[in-house]
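# Geometric and topological summary
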Amino acid sequence: MRFGLLGTLTAHDGVADRPVQGPKARTLLAVLLLNADRPVSLDRLLDALWGDRPPATAEASLRNLVSRLRRTLGDEDGQRLRSTPSGYQLSLTDDELDTRQFEAAIRRARSAHEAGDLSAVLAETATALGLWRGEPLADLPEAAGGGAAAEQWRESRLQALEWRFDAELGLGRPHAPLPELTRLVREHPLREVFHAQLMLALHLTGSRARALEVHQRLRTALIEELGIEPGPTVRAAHQRILAEPPTEPSNPAEQAEQSAEAAEAAKAATEAPPAPAATLSADRPRPSQLPLVSPYFVGRQEQLATLRDALTDTSEQPAIVVVSGLAGVGKSALAVRCATDLRGEFPDGQLFLNLRGATPGLTPLTAHAALTALLPALDAARGGVPEDTDGAAALLRTALAGTRTLLVLDDAADLAQVRPLLPTAPGCAVLVTSRSPMHALDHALHLRLDVLSEHDGIALVERAAGRTSADRSVVAIERTDLARLVRLCGRHPLALRIAGARLAARRTLPVRHLVGRLEEHEDRLDELELDDLSIRRSLALTYDSLRGSARRPDVRAAAALAAIGTLDLPDYSAPLLAAVLRITPAQAATALDRLVEVALLDEPRPDRYAPHDLVRDYARELVPDPADRTGHVRAALDWYRSLTVRMAFALDPGSALTRELPPVAPADQLDHEGALAAGDAEFGNLLLLVEQLTATNWATSAEVSPLARALFPYLRVRPHADALRMNGIVQRLAVRDGDLAAQAYALNSMAHAHYSAGRNVPALELLDACLAVAEDPDFRRRALGHRGLVLSDMRRVEEAMASLQEVLDLAVRAGDDRDQASALVALGNLVEAEDPHLAIAYHHRAIDAANRCGFEYATVAALCNIGFAHLRLDDPAEALRHFEQTTGSSLRIASWQINTEVWRGRAEALRRLGRLNDALTVVRQLLDQAAPLQDALVTGTFQHTHGLILRDLGRPAEARAAWRSALERLSTADHPVVGELRDLLATG
């Protein structure tokens, strides 16, 4: 990973940006980066995020923020962002944070400066200054706490500049620092070293009088503002200028060139307003071709600052910036606004050319046609434009040499069109807009332009609608509707411009009426057309160019977009689309990457692709034939069935469930981590796909039920709140089709979802319904065991004992060791409260049965429960030993509930042993893991333990807050800990 604080906050994984969304998440990351490799207390984080009056839910919200941040950084296991007893710690290497690299380069530059190694000074200061992207922590609030550090970094940057200028002067290069020194003395009018260096540079380039003027202006300013004379550095430079004869360049040509350059720099340093450092001769044209700034341009201040900094960079090569993004996202408007703001920085002219890369009804300009359009504006085509592109490009480079000219190349089709138009001499800058990012263009800044913020989107609609408070205030009356309108338009500038124009055309049209029209996604693109403005036509240009291309990757990309529209899932992977399109995964990945390049898709996470909402609407229209659409959906269903089967074999090998599934070839097998990762990535898609299938006339429960059943091992390890919804859909399909087996499986899975959430009453009702339709004896036995577990939790001991003993007897007669182990574990749990020793005996028998059939899940559960039995026997040391036996490879095969019980038991054993800080670390790690799953039962039981630890640490107020939070989360749960929580809060 690479993190940046020297400018706006950035995170990059070495392949792509990892944008951290939301001001609180960005503040959290900034605080952790500013304190990297050091624990940051919860109090410090809460203060940074909410100030001195955090809400009651602040700590829970912080855990959610941490969880989201871990996902953004690809750190789901919490190895980089770790919980500590007092808070959180972010671990980094020195090369992962730009401020550490900056500080290291500054230290090396200082050593080189002190040693007089001028070449090393130039190298190290170049490294340090190259890391500087702008004002440190520019987009973060003061609460992030980086003010002192930012001030130090700013001072270090100025020191690096001083050392660099010293080295350039010492190496006999007085011309090099002149333009930058000229600017810096204006920005820092009392910084004496910069003035002394500028004086010497002017003196050494033959501008002695100007150098003395710089001295006089500085001396006057110091006396008038501070009442002091210049210091020794400036006095020494002044004395040297007076003592030495004027310096002259070594030859006449060089003298003319350098004297003019020095004179301009000196003039800029001593006059206001400053003149440009380089200028064309008076008889040459200074083109000013920029169009008017769009009256609907809003926001984009951060992007404008990035562009200005990049385009005004005073390096030894021309500055080049490529702005890419989705059609209609505002690339051209941003470019024109930025170029207009920079007119004064490019006094020799501003050229603008629409390259027509995606202009309706027009073919893109060839490179030669573009050169033919540009050269006359520079008065460089008096003898005609050379017929060959290379000759015309050379003529353009000659015309631009020695000038400060800005070229805006709008709507570029591809890199081949742009390359011949680029200058090579420093001083010029090029701003390119394109739907393609042109990453192959070297030495360029690539800026991907996203949609607007909701606030800026509202401002754009207000401006386009022209509705002021004089007639009807959109802001005051329809703010909620307007925000909804902006979201329905996907915060897309062109869509918002059209929506605003519709409101302007009908002054009495309420915003809510337009919102109602846009909420029907089938008609949304029709509503977003007005005169020559059209989202559909804008997107069609890109799609049609791909579909009509002679390149196979482009054609596959067009087919992939059509398939995306047919499936209409939240996001997509290359293997899924490979199955749907019947191509290889590598070909599918290339197609998806191509769609990202032309801004029809985003890649929010590595190897996961998603379209913008309006692109999704457009893609839905690309496959009108119902047969083709059904073919795509069937192919996706087949792929997901295969994937869930592979996941089941990886997560629960040898179970009765997997014995009912088709075998998996060795080459297609997943490992445990791969199965969990696949489930994490695809569950949302699976849920939506199953919901969509209910609307078809061909999907049956026989096709859908195996998919949901194969998911069961994954959902046992990774519970999802939506598992209930998925199995409810399957159950309704099964009822419609009269499929009793599918009904039974779905009812059992729904009961498991309720049981996992602590809702025992509905779980029991569903299990009774399941047993009423279940016919397979093995399945009935497992459902009966599940019923015994629910009754046990409800403390209906006699009924639970009868049910579980029946399951055990049936399992023994059937010779099923797995079901025996499960029943024995459940029986041990049932008797633990009354007889912990008997419970331990049951669990040891369960371990024996589990070992006979390799059922590690039951082994982990039994060891965990033996630990809790020892806690009841007031033997925390022995309990901890059993809990720790479950860690490592065996623990990862257990369910989420058993995993959390193991860790809760560890925390309780550590608490009773007096190892309170260790216990606190365990609890907070588990609360972090539970946050993204929104598992109220697990979070509530852990908050209960959390409060006990805090109480023992002498922090009663925090303990009560934890217990209140636990009670809120368990409000709908039928769990024994609820009564204990009420007692704890009642007694204090």
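Residues numbered from 1 in each chain as written. Predicted model: local features only at pLDDT ≥ 70, side-chain atom pairs only at ≥ 80, totals over all residues. Heavy atoms only, no water.

### Some remarks on the overall build of the protein chain
Our working definition: Strands are runs of DSSP state E lasting at least two residues, helices are runs of H or I lasting at least four, and both sets are numbered from the N terminus onward. Each residue is assigned to one of three classes by its accessible area relative to the maximum for its type, calculated with a 1.4 Å probe on protein chains only: buried under 20%, partly exposed between the two thresholds, exposed over 50%. We call two residues contacting when some pair of their heavy atoms lies within 4.5 Å. Each accessible area is a Shrake-Rupley estimate made with a 1.4 Å probe; only the visible protein chains count as cover when residues are assessed.
Within the protein chain, the regular secondary structure consists of 46 helices and 14 strands. Viewed in the frame of its principal axes, the protein chain has a C-alpha envelope of about 110 × 70 × 65 Å. Every one of the 988 residues in the protein chain was classed for burial, and the buried ones make up 53%. At a minimum sequence separation of 6, the contacts of the protein chain that also span at least 24 residues come to 67%. For the protein chain, the exposed surface amounts to about 42,400 Å²; the carbon and sulfur share of it is 51%.

### Description of the nonpolar core
To keep it simple, the criterion reads: Among the buried residues, those of types Ala, Val, Leu, Ile, Met, Phe, Trp, Tyr and Cys that are joined through side-chain atoms within 4.5 Å form a nonpolar core.
One finds Leu431, Leu485, Ile535, Leu576, Leu595, Tyr640 and Leu711 to be the most contacted residues of the largest nonpolar core, which totals 123 residues. A per-element tally of this core places helix α28 (residues 626–651) first, with ten residues. Contacts of Leu595, omitting those with residues within four sequence positions, involve Leu546, Ala557, Ala560, Leu561, Ile564, Leu600 and Leu601. Core analysis: the next-biggest nonpolar cluster, separate from the first, contains 82 residues, Tyr745, Leu784, Ala821 and Ala846 among them.

### Quick word on the packing of aromatic side chains
Under the convention used in this document: We call Phe, Tyr and Trp rings a pair once their centres come within 6.5 Å, taking the six-membered ring for Trp, and we label the pair stacked below 30 degrees between planes, edge-to-face above 60, and tilted otherwise. Only when the NZ atom of a Lys or the CZ atom of an Arg is both within 6 Å of the ring centre and within 35 degrees of the ring normal do we say a charge sits over the ring.
The full count for this structure, using the stated rule, is seven aromatic pairs. Both rings, one in Phe165 and one in Phe194, keep their centres 6.1 Å apart while their planes meet at 65°; by these two values the pair is edge-to-face. Taken as a pair, Phe165 in helix α6 (residues 147–170) and Phe194 in helix α8 (residues 192–204) lie far apart in primary sequence, 29 residues in all. In this structure Phe194 comes out as buried when scored by relative accessible area, which is 0%. Each ring, one from Phe855 and one from Tyr857, has its centre 5.8 Å from the other, and the planes form 20°; the classification is stacked. This pair shows no difference in class: Phe855 is buried, exactly as Tyr857 is. When the ring centre of Phe194 is taken as reference, the NZ or CZ atom of Arg191 above it lies at 5.5 Å.

### Quick word on the packing of helix α45 (residues 956–969) against helix α46 (residues 976–987)
So the rule is basically this: With axes taken as lines fitted to C-alpha atoms, and helix axes fitted only over the stretch in contact, angles between N-to-C directions fall between 0 and 180 degrees. Handedness of a helix crossing follows the sense of rotation of the near helix relative to the far helix, less than a right angle counterclockwise being left-handed and clockwise being right-handed.
The N-to-C vectors of α45 and α46 enclose an angle of 145°; their axes lie 10 Å apart at closest approach. In terms of crossing hand, the pair formed by α45 and α46 is left-handed. Contacts between α45 and α46 involve Arg960, Trp963, Arg964, Ala966 and Leu967 from the first element and Val978, Leu981, Arg982, Leu984 and Leu985 from the second.

### Some remarks on the confidence of the model for the protein chain
Worth spelling out the cut-off: The predictor rates its confidence in each residue with pLDDT, a number between 0 and 100.
Looking at the protein chain as a whole, its pLDDT mean stands at 86, while 93% of the residues score no less than 70. Within the protein chain, no element has a lower average pLDDT than helix α11 (residues 252–270), which sits at 45, and none a higher one than helix α25 (residues 574–581), at 96. Note that residues 250–282 has pLDDT below 50 and, in this model, 50 contacts with residues that lie over four places away or in other chains. Across residues 469–476 the pLDDT falls below 50, and counting only partners more than four positions away or on other chains, this stretch makes 15 contacts in the model.

### Focus on the sheet that holds strand β8 (residues 406–412)
Rule in force here: Two strands qualify as a pair provided that DSSP identifies no fewer than 2 bridges between them.
Reading across from one edge, β7-β8-β9-β6-β10 is the order of the five strands in this open sheet, with parallel pairing throughout. Taken across any chain shown, the strands that pair with only one partner, and hence form the sheet edges, are β7 (350–354) and β10 (444–449). Averaged over all pairs of adjacent strands, the angle between their axes in this sheet comes to 15°, without regard to strand direction. On the sheet, helix α13 (residues 331–341) packs against β6 (319–325), β7, β8, β9 (429–434) and β10 and is oriented at approximately 165° with respect to β9.

### Regarding the state of the cysteines
We count it as follows: Here, the term disulfide refers to a pair of cysteine sulfur atoms separated by no more than 2.5 Å.
Considering all chains together, one arrives at zero disulfides under this definition. Take Cys428: it sits in no disulfide, and the sulfur closest to it among the cysteines is that of Cys338, at 16 Å.

### Comments concerning the domain arrangement of the protein chain
Let me state the cut-off plainly: Start and end points for every domain follow an automatic or database-based domain assignment.
You can read the domains of the protein chain as domain 1 (2–160), domain 2 (301–448), domain 3 (454–531), domain 4 (535–624) and domain 5 (914–987). A C-alpha centroid distance of 34 Å is found between domain 1 and domain 2.

### A look at the sheet that holds strand β3 (residues 40–41)
As summarised here, the arrangement of the three strands in space is β3-β5-β4, forming an open sheet in which the pairing is antiparallel. Edge strands, defined here as strands with exactly one partner in the open sheet, are β3 and β4 (81–83). Pairing of β4 with strand β5 (residues 87–90), which is carried by three bridges, proceeds in the antiparallel orientation. Within β5, the position partnered with Ser83 by the bridge is Tyr88. Its contacts with the sheet place helix α3 (residues 58–72) against β4 and β5, and it is angled at close to 145° to β4.

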